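Listed below are the residues making up each chain.
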Amino acid sequence: MKRISTFISTVLIVAMTLLILPTIAYLNQAISGSYGIETHQDTDIDFTWQDIHGKTHQFSDWTKGPSYLFLGFVSCSQICPVRIHQVRSLMEQLTENERTNIRFLFISIDPQKDLPALRAQMIDSQSAQFYSAELTPEQLETLQRQLAEISNQTSDINLHTGNLYLVSPTGKLKKTYTQQQLITERLRADLTTMMSSN
């Protein structure tokens, strides 16, 4: 009986958290007037990643401009293709100069299946600003913890958050986009604000 009571309490707490967090996020956006959720803690983001050619890079070495981060897997048929399309649409709205100073980094959460050739075809071929990355399990776990990202290499959309993250040129996490349908004009407004303040 005590186990059932504990289980019910746990389920209720999780359910309330899932209801309260989106409400807080929405109020934060409405009050601040910005589109993405502002991460006031300014988390420093840095990690080592490997590209489709097996070359190793340090995230912090990129200082030309902002980065968009997305954690996903190539076989995902729901939120991952949506995010790729949204970022590609955003890039198409930017000037050539703006585009060269921005990158989109797709970080695989299933590197055993997301082989370099497949990532090259699905991600890196989209644009010169699109890169797919493989991280060590330890680096991936650390990054997921920093982003409070719950991702799993499963087709179950409920276990894949699908958040898009905007990181400043200095490696600070600035915005988190949680909505499935993102408005590219509003993404661009947030991006322009960030670029003009740096």
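Before reading further, recall that the structure is shown in the block above.
Position numbers for residues count from 1 along each chain, tracking the sequence in the order it is written. Reporting in this predicted model follows two pLDDT cut-offs: at least 70 for local features of residues, and 80 or more for side-chain atom pairs to be given and counted; totals over whole chains, interfaces and linings ignore these cut-offs and use all residues. Values shown for side chains rest on all heavy atoms present in the structure; no hydrogens or waters enter the calculation.

So, the nonpolar core: which residues are in play, and what are the values?
Put simply, buried Ala, Val, Leu, Ile, Met, Phe, Trp, Tyr and Cys residues joined by side-chain atoms within 4.5 Å make one nonpolar core. Note on exposure labels: buried denotes an accessible area under 20% of the residue type's maximum, exposed denotes more than 50%, and partly exposed covers the range between, all computed with a 1.4 Å probe on protein chains only. With 41 residues, the main nonpolar core has I45, F47, Y68, L69, F104 and I107 as its most contacted residues. Numbering of helices and strands runs from the N terminus; a helix is a DSSP stretch of H or I covering at least four residues, while a strand is a stretch of E covering at least two. Taken together, the elements giving at least two residues each to this core come down to β4 (67–72), α2 (79–93), β5 (103–108), β6 (130–133), α5 (137–147), β7 (164–167), β8 (173–177) and α6 (184–197). When residues in this core are grouped by element, the largest group, 6 residues, is from α2. Here, two residues are considered to be in contact whenever any of their heavy atoms come within 4.5 Å of each other. Other than its neighbours up to four places away in sequence, L69 contacts I45, F47, F59, L105, I107, N163, L164, Y165 and V167.

Please give an account of α2 that cites residues and values.
To estimate how far a helix should reach, multiply one less than its number of residues by 1.5 Å. Over its 15 residues, α2 extends 21 Å from the first C-alpha to the last, a length consistent with the 21 Å expected when each residue adds 1.5 Å. Among the residues making up α2, those that are buried are I79, C80, R83, I84, Q86, V87, S89, L90 and M91.

Talk me through the pairing of β5; I want residue IDs and the actual numbers.
Burial analysis of β5 places 6 of its 6 residues in the buried class, the great majority of the element. Residues R103, L105 and I107 line one face of β5 and the alternating positions F104, F106 and S108 line the opposite face, and both faces are buried. Strands are treated as partners if at least two bridges between them are detected by DSSP. The sheet contact formed by β4 and β5 spans 6 bridges and is parallel. Bridge pairing in β5 links S67 to R103. As paired elements, β5 and β6 share 4 bridges and run parallel to each other. By the bridge assignment, F104 is partnered in β6 with F130. Between the parallel pair β5 and β6, the chain is carried across by helix α4 (residues 116–122), and the sense of this crossover is right-handed. A right-handed crossover is one whose linking path, passing over the helix from the first strand to the second, runs clockwise when the strands point away from the viewer.

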